[in-house]
Amino acid sequence: DAGVTQSPTHLIKTRGQHVTLRCSPISGHKSVSWYQQVLGQGPQFIFQYYEKEERGRGNFPDRFSARQFPNYSSELNVNALLLGDSALYLCASTLQGADYNEQFFGPGTRLTVL
Amino acid sequence: GDSVTQMEGPVTLSEEAFLTINCTYTATGYPSLFWYVQYPGEGLQLLLKATKADDKGSNKGFEATYRKETTSFHLEKGSVQVSDSAVYFCALMNYGGSQGNLIFGKGTKLSVKP
């Protein structure tokens, strides 16, 4: 079975631009979470979606937004990119959104903002 | 708010040495505790978990015991191998306050020399 997939693998943007990152969860998983991992730090929670609704939001500015589609895939959008947005963006899927279930992580998208 | 503190790295050991990576947490309620591992260029993999006090999580020779009295979840392995070289993250999930998202420590880089 395929794991969590993310695209693109790498991308380079300039300050002020907009970026869209994509995530496909494991088949049957209905919840997707997004994390930002700055170099040398642990991942930080950005959003969680379950059944297409936002279930949680971390301490990130409104430039960050996300959505989940009927097939449970998800997009993370970041507007007005700043140098500090350079990071590895991780997507994780779980079978359910409310109770504990293991979060399975994708390989991440490496975003570089110049 | 909830937080995780783990020992600073990097940690360099010789093959077959004993490993301890310290992790302490601050949380309200009764969080679940996790250790994740990140190999170079890859996403996060769940190494082990414990969901209640005095539980011991174990996997691939690694162990950690949930100690509520000391709010700790230290990772141990009796004999490390070169293939254990990676970054290790301690994390917690507290359903009461954070709606099921993971809170990570900063990570500890382990290098094992032959």
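Residues numbered from 1 in each chain as written. Chains lettered and ligands numbered in written order. Predicted model: local features only at pLDDT ≥ 70, side-chain atom pairs only at ≥ 80, totals over all residues. Heavy atoms only, no water.

S.K.: How should the overall build of chain B be read in this particular structure?
M.R.: The helix and strand inventory of chain B stands at 1 helix and 12 strands. Ordered by position from N to C terminus, the α and β elements of chain B give β-β-β-β-β-β-β-β-β-β-α-β-β. Relative to a compact globule of 114 residues, whose C-alpha radius of gyration would be 13 Å, chain B shows 14 Å and is just as compact. Seen through its principal axes, chain B has C-alpha atoms that stretch 45 × 30 × 20 Å. (Helix = DSSP H or I, 4+ residues; strand = E, 2+ residues; numbered from the N terminus. Rg over C-alpha atoms; globule rule 2.2 N^0.38 Å.)

S.K.: Any chance you could explain the pairing of strand β7 (residues 56-59) of chain B here in plain terms?
M.R.: Within a regular strand, the side chains alternate between the two sheet faces. Residue and element names in this part refer to chain B. Where β7 meets strand β8 (residues 62-65), 4 bridges bridge the pair, whose relative direction is antiparallel. Looking at β8, one finds that glycine 57 is bridged to alanine 64. Counting the residues in the hairpin turn of β7 and β8 gives 2 residues, including lysine 60, whose phi is positive at 55°. (Pairing = 2+ DSSP bridges.)

S.K.: When you look at the packing of aromatic side chains in this model, what are you seeing that I'm missing?
M.R.: The geometry of an aromatic ring pair is captured by the separation of the ring centres together with the interplanar angle, meaning the angle of the planes. On inspection of all chains with the given rule, the structure shows 12 aromatic pairs over all chains. Ring geometry for tyrosine 35 of chain A and phenylalanine 105 of chain A: centres 5.5 Å apart, planes at 50°, overall tilted. Of this pair, tyrosine 35 of chain A sits in strand β4 (residues 31-37) while phenylalanine 105 of chain A is found in strand β10 (residues 104-105), placing the two residues 70 residues apart along the sequence. When sorted by exposure, tyrosine 35 of chain A lands in the same class as phenylalanine 105 of chain A, which is buried. Measuring from centroid to centroid gives 5.1 Å for phenylalanine 60 of chain A and phenylalanine 64 of chain A, while their planes differ by 65°, and the two rings are edge-to-face. Comparing phenylalanine 60 of chain A with phenylalanine 64 of chain A, the two get one shared label, buried. Of the aromatic side chains, those joined through ring pairs into one cluster are Tyr35, Phe45 and Phe105 of chain A together with Phe34, Tyr36, Phe89 and Phe104 of chain B. (Phe/Tyr/Trp six-rings, centres within 6.5 Å; stacked < 30°, edge-to-face > 60°. Buried < 20%, exposed > 50% of the residue type's maximum accessible area, 1.4 Å probe, protein only.)

S.K.: How do you make sense of the nonpolar core when you look at a structure like this?
M.R.: Soluble globular proteins tend to pack their nonpolar side chains together in the buried interior. Residues and elements named next belong to chain B. Within the largest apolar cluster, 26 residues are counted, with the highest numbers of intra-cluster contacts made by Trp35, Leu48, Phe73, Leu75 and Tyr88. Counting only elements with at least two residues in this core, the list comes to β2 (11-14), β3 (19-21), β4 (23-26), β5 (32-38), β6 (44-50), β8, β10 (86-93) and β12 (108-113). In terms of residue count, the dominant contributor to this core is β10 (4 residues). Residues contacting leucine 75, with those up to four places away along its chain left out, are Leu19, Thr20, Ile21, Trp35, Leu47, Leu48, Phe62, Glu63, Ala64 and Tyr88. (Core = buried A, V, L, I, M, F, W, Y, C linked by side-chain atoms within 4.5 Å. Contact = heavy atoms within 4.5 Å.)

S.K.: Looking at this structure, I do not really get the pattern of salt bridges. What am I missing?
M.R.: Any two side chains of opposite charge can pair, on the condition that their charged atoms come close. The final tally for this structure, using the stated rule, is 9 salt bridges over all chains. Arginine 57 of chain A is paired through a salt bridge with glutamate 54 of chain A; the nearest N and O atoms lie 3.4 Å apart. Note that aspartate 55 of chain B is salt-bridged to lysine 52 of chain B, the shortest N-O span being 3.3 Å. On the accessibility criterion, aspartate 55 of chain B (21% relative accessible area) is partly exposed. (Salt bridge = Lys/Arg side-chain N within 4 Å of Asp/Glu carboxyl O.)

S.K.: In this structure, what is going on with the side chain of threonine 108 of chain B? I would like to understand it.
M.R.: Residues and elements named next belong to chain B. Looking at the secondary structure, you find threonine 108 in strand β12. Its relative accessible area of 0% is what places threonine 108 among the buried residues. Here glutamine 6 takes part through its side chain, which lies 2.9 Å from a polar atom of the side chain of threonine 108. Here threonine 108 is in contact with Gln6, Met7, Gly9, Val11, Ile21, Ala86, Val87 and Tyr88, once residues within four sequence places are set aside. (Polar contact = N/O pair within 3.5 Å; in protein donor to acceptor, adjacent residues only side chain to side chain.)

S.K.: For this particular structure, what's the right way to read the interface of chain A and chain B?
M.R.: Accessible area lost upon the coming together of the parts serves often as the stated size of an interface. Between chain A and chain B, the residue contacts involve 20 residues of the former and 18 residues of the latter. Applying the counting rule to chain A against chain B returns 0 salt bridges. Connecting chain A to chain B are 2 residue pairs in polar contact (both at pLDDT 80 or more). Secondary-structure elements contributing two or more residues to the side of chain A that touches chain B are β4, β5 (44-50), β6 (53-57) and β9 (87-94) of chain A. Class assignment for the residues of the side of chain A that touches chain B results in 9 nonpolar, 8 polar and 3 charged. (Nonpolar A, V, L, I, M, F, W, Y, C, P; charged D, E, K, R; others polar.)

Nothing here speaks to function; it is geometry throughout.
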